Amino acid sequence: DFNIAAPSGLYASLQDKEPINVHESINNEIIYIGRFYLDDWESKSDKLASFRASDAIGILETIGFLGGRYKTPTVYSEDLIAEIFENTGIEYSLDASLDGIVINGLIPYLTNCREALQQTLFYIGAYATCARSNLVRILPLPETGSNDYELTSADMSITSPLSLRKMVTGAEVKQLSWE
């Protein structure tokens, strides 16, 4: 029933950024891959459709964030993260060990929610993942004693295509004086 030429069919119910829960069948076992948000779709034929979607972290890049200076009154990690997610419509969970961390610094004005979250997580020593989940999970960085991090099968698929993209993580250290 999916056919762009027949807009009264299934095509009519698809909307930009509509959530799609993806499952995979491996050896007759249904495995939840995660929640993605529809970016683009096309009808290849009357029986074949192609969908392109982003995870929740990718969607955060399309949503603006005002930014600001965070120092006084005291701003805590959970409050700033709640502010970042406030108008996104995206659910998240924050590991309890990351509550109560005092935030001091600047998130550049007129940035996007993904960059604001990235800078906040770098500051508090955390990372975000959507792997095998319908929400953004914010977790503390593992303490490995080195800079190595092992990707688990939950983080990636062996058959996933690989491509080099522009770097989306980094650190910028600025000294600010609010006296």
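The structure this text deals with has already been given above.
Residues numbered from 1 in each chain as written. Predicted model: local features only at pLDDT ≥ 70, side-chain atom pairs only at ≥ 80, totals over all residues. Heavy atoms only, no water.

S.K.: Can you tell me about the overall build of the protein chain, naming the residues and giving the values?
M.R.: Secondary structure assignment for the protein chain yields three helices and ten strands. When the helices and strands of the protein chain are listed from N to C terminus, the series reads β-β-β-α-β-β-α-β-β-β-α-β-β. By residue count, 26% of the 179 residues in the protein chain fall in the buried class. Expressed as a percentage of contacts within the protein chain between residues at least 6 apart in sequence, the contacts between residues at least 24 apart total 52%. (Helix = DSSP H or I, 4+ residues; strand = E, 2+ residues; numbered from the N terminus. Buried < 20%, exposed > 50% of the residue type's maximum accessible area, 1.4 Å probe, protein only. Contact = heavy atoms within 4.5 Å.)

S.K.: Summarise the pattern of salt bridges; cite the residues concerned and give the values.
M.R.: Evaluation of the coordinates by the stated rule reveals one salt bridge. Here Arg 114 makes a salt bridge to Glu 61, at a shortest N to O gap of 3.3 Å. Pair noted here: Arg 114 is in helix H3 (residues 113–124) and Glu 61 is in the loop between helix H1 (56–60) and strand E4 (64–65), with a separation of 53 residues, a long-range link. (Salt bridge = Lys/Arg side-chain N within 4 Å of Asp/Glu carboxyl O.)

S.K.: Go over the environment of Arg 69, please, and point to the residues and values.
M.R.: Considering the arrangement of structural elements, one finds Arg 69 in strand E5 (residues 68–76). Distance from Arg 69 to Asn 104, taken between C-alpha atoms, is 7.7 Å for residues 35 residues apart in sequence.

S.K.: So, the sheet that holds strand E9 (residues 126–129): which residues are in play, and what are the values?
M.R.: Ordered in space as E6-E10-E9, the three strands form an open sheet in which the pairing is mixed. Only two strands of the sheet have a single neighbouring strand rather than two, namely strand E6 (92–94) and E9. Averaged over all neighbouring strand pairs, the angle between strand axes comes to 20°, with direction disregarded. Where E6 lies against strand E10 (residues 136–140), three bridges are found, and the strand directions are parallel. Looking at E10, one finds that Ser 93 is bridged to Arg 137. Contacts from helix H2 (residues 77–85) reach E6 and E10 within the one sheet, and its direction differs from that of E6 by about 175°. Contacts between H3 and the sheet are confined to E9 and E10, with E9 contributing the most and set at about 140° to the helix. (Pairing = 2+ DSSP bridges. Axes fitted to C-alpha atoms, helices over the stretch in contact; angles between N-to-C directions.)

S.K.: Describe the packing of aromatic side chains, naming the residues involved and giving the relevant values.
M.R.: The full count for this structure, using the stated rule, is one aromatic pair. The interplanar angle of 25° and the centroid separation of 4.4 Å between the aromatic rings of Phe 85 and Tyr 92 together place this pair among those described as stacked. By relative accessible area, Tyr 92 is classed as partly exposed at 29%. (Phe/Tyr/Trp six-rings, centres within 6.5 Å; stacked < 30°, edge-to-face > 60°.)

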